[in-house]
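# A closer look at the structure
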2 protein chains.
Amino acid sequence: MSKALVLVVDDEPRYLKLVRYNLETAGYEVVTAPNGEEALSLAAGQNPDLIILDIRLPGIDGYEVCTRLREFSSVPIIMLTAKGEEQEKVQGLRLGADDYVTKPFAADEFMARVEAVLRRSHIPELNPPIHTVGALSIDCAQRKVTVGGREVSLSPTEYRLLQCLAVNAGRVVVQEELQEKAWGPEYREHYEGLRVFIRRLRQKIEKDPEHPTYIITKPGIGYMLATPA
Amino acid sequence: MSKALVLVVDDEPRYLKLVRYNLETAGYEVVTAPNGEEALSLAAGQNPDLIILDIRLPGIDGYEVCTRLREFSSVPIIMLTAKGEEQEKVQGLRLGADDYVTKPFAADEFMARVEAVLRRSHIPELNPPIHTVGALSIDCAQRKVTVGGREVSLSPTEYRLLQCLAVNAGRVVVQEELQEKAWGPEYREHYEGLRVFIRRLRQKIEKDPEHPTYIITKPGIGYMLATPA
DNA sequence: GGAAACTGTTACGTTTGCGTAACAAATCCA
DNA sequence: TGGATTTGTTACGCAAACGTAACAGTTTCC
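Heads up: these notes are all about the structure in this document.

Conventions and cut-offs
- Residues numbered from 1 in each chain as written.
- Chains lettered and ligands numbered in written order.
- Predicted model: local features only at pLDDT ≥ 70, side-chain atom pairs only at ≥ 80, totals over all residues.
- Heavy atoms only, no water.
- Phe/Tyr/Trp six-rings, centres within 6.5 Å; stacked < 30°, edge-to-face > 60°.
- Buried < 20%, exposed > 50% of the residue type's maximum accessible area, 1.4 Å probe, protein only.
- Lys NZ or Arg CZ within 6 Å of the ring centre and 35° of its normal.
- Near = heavy atom within 4 Å.
- Polar contact = N/O pair within 3.5 Å; in protein donor to acceptor, adjacent residues only side chain to side chain.
- Helix = DSSP H or I, 4+ residues; strand = E, 2+ residues; numbered from the N terminus.
- Nonpolar A, V, L, I, M, F, W, Y, C, P; charged D, E, K, R; others polar.
- Core = buried A, V, L, I, M, F, W, Y, C linked by side-chain atoms within 4.5 Å.
- Contact = heavy atoms within 4.5 Å.
- Pairing = 2+ DSSP bridges.

Glancing now at the packing of aromatic side chains. For the coordinates displayed, the defined rule picks out six aromatic pairs over all chains. For the pair Y187 of chain B and Y191 of chain B, a centre-to-centre distance of 5.0 Å together with 90 degrees between the ring planes defines the contact as edge-to-face. Given the relative accessible area of 21%, Y191 of chain B is considered partly exposed. One cation-aromatic arrangement involves K181 of chain A over Y21 of chain A; the distance from NZ or CZ to the ring centre is 3.9 Å. Stacked on the ring of F197 of chain B, the Lys or Arg R200 of chain B has its end atom at 4.9 Å from the ring centre.

What follows is the structure in structure tokens.
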């Protein structure tokens, strides 16, 4: 079975990157468009399985895109709306959107909605991956982490951090990226909490937290989730 | 493979006979229901491969049937609508129907759509209408829940909540989705009653409600109905 | 019309998670 | 070597999340 293709439409590069990252991490193919015109053109040409559509767009806005899309396609649509704009949501759903997510959003909630919509639309969703690194395994569907068969309970932040490391297992992840992915774009620099959470993670998953074998430090660069020899 | 089974739901005997004739001539197995209640019961019990569903029904109407069906089954649905009722079609498709045919219709057009829908949805396997998680079982047709053979009586809200968890058993369901599915879209955010009903559910289905094994909390995210090891 | 069940709301105590600061240890570089 | 920078560790206060109980309004059903 081939990957599902998702078209993401947003004029904020920040969100474009964020959404792309989350979707690709989960195994989806992603194409992006920064405005309505390109979105319609891409939708027609590429036949995506799902469209993530921001309402506020330069030029033709999200509503118009939605309407025009529905003239030739029944592809599922998830709208991105600003917080608290109640009528935006209602209007969007009336125009044929399938669901909406309010900005800003948590990655978990967003992905849950993506999968829910795909499930509803009979589009085979991808099996959420189970990352395995040595005796460490991360079940994304159950949000369950086990080390050597024993389940360890992580806080949401610890989990996000570990997941970010697991996706890039075997490669160094620079600090800024970790902070951006686990805490959000505004935590990209000057954040002193990363070390603390690395510590907490090590205490939970490492056999000997003082001599870590999974989360190893790359001084001056970042951290790496390593497969122990 | 044995013949595909088609459930036809219509209150007009004329159409019931017509549709049955066309389908049986083409080699399909047919069961019929004159109203929504029987339709749901038959759908749950017989596991049809396709449902032909009239919108205008006495008692619970086609929309409601559609929604309820989608709670436990992803069976393809073709709706029958009156001519020119444009918004009926849109609404129906939103609720999970796969296609629609306007009455009156020509036999060949109708059969073409039936075959198209069946071709399009080569269903890997139909969801059994009885969810089983450990000693817990949920009979969607009878709305009956038993734990260890003993029947427990749930309130409507409790049932909806449990069902939403059961459909996604083994994966985390975010709070907003639970609230939306069990209470409606307007309860998607800022609803503090969820915890209360989780509590009430646990008291009814958990052996030791203080240390739940079925409904487990995923802090900061939502809840999950766990499949015991 | 009255009792029972159901639902939503509020309040409150407990737990957990989070970020910051402060300091120790290790590392890097001149 | 010695100072500066980076990393590791611990502790603490605040905020948020969660579980629970109690209550009041509503609905349902005899």
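Here we take up the protein's contact with DNA strand D. Looking at DNA strand D, there are 24 residues lining it, with R199, T217 and G220 of chain A together with R199 and G220 of chain B nearest. Restricting attention to atoms of DNA strand D within 4 Å of the protein, one finds that 65% of them are sugar or phosphate atoms. In this structure, a phosphate oxygen belonging to DNA strand D sits 3.0 Å away from a side-chain N or O atom of E210 of chain A. The set of elements that each furnish at least two residues to the surface near DNA strand D consists of α8 (193-205) of chain A together with α8 (193-205) and β11 (215-218) of chain B. Broken down by element, the residue count for the surface near DNA strand D peaks at six residues, all from α8 of chain A. Looking at side-chain class alone, the surface near DNA strand D contains six nonpolar, seven polar and 11 charged residues.

Turning to the nonpolar core, a few remarks are in order. Counting residues in each nonpolar core, the largest one holds 27 residues, and the members touching the most others are L162, I215 and L225 of chain A. Those elements that provide at least two residues to this core are β7 (136-139), β8 (144-147), α6 (156-167), α7 (175-183), α8 and β12 (222-225) of chain A. A total of six residues in this core trace back to one element, the largest contributor, which is α6 of chain A. Excluding its chain neighbours within four sequence positions, the residues that come into contact with I215 of chain A are L165, I198, L201, R202, I205, E206, Y223, M224 and L225 of chain A. If you look at the next biggest cluster of nonpolar residues, it comprises 26 residues, including V145, L178, F197 and Y214 of chain B.

What follows covers the pairing of strand β8 (residues 144-147) of chain B. Residue and element names in this part refer to chain B. Two strands pair when backbone bridges link them, and strand β7 (residues 136-139) and β8 are joined in this way by four bridges, in the antiparallel orientation. Looking across to β8, one finds that L136 is bridged to V147. Strand direction decides the pairing type here: β8 and strand β9 (residues 150-152), joined by three bridges, are antiparallel. Within β9, the residue paired with V147 across the bridge is R150. The hairpin turn running from β8 into β9, its antiparallel successor, is two residues long, and G148 in that turn takes a positive phi close to 65 degrees.

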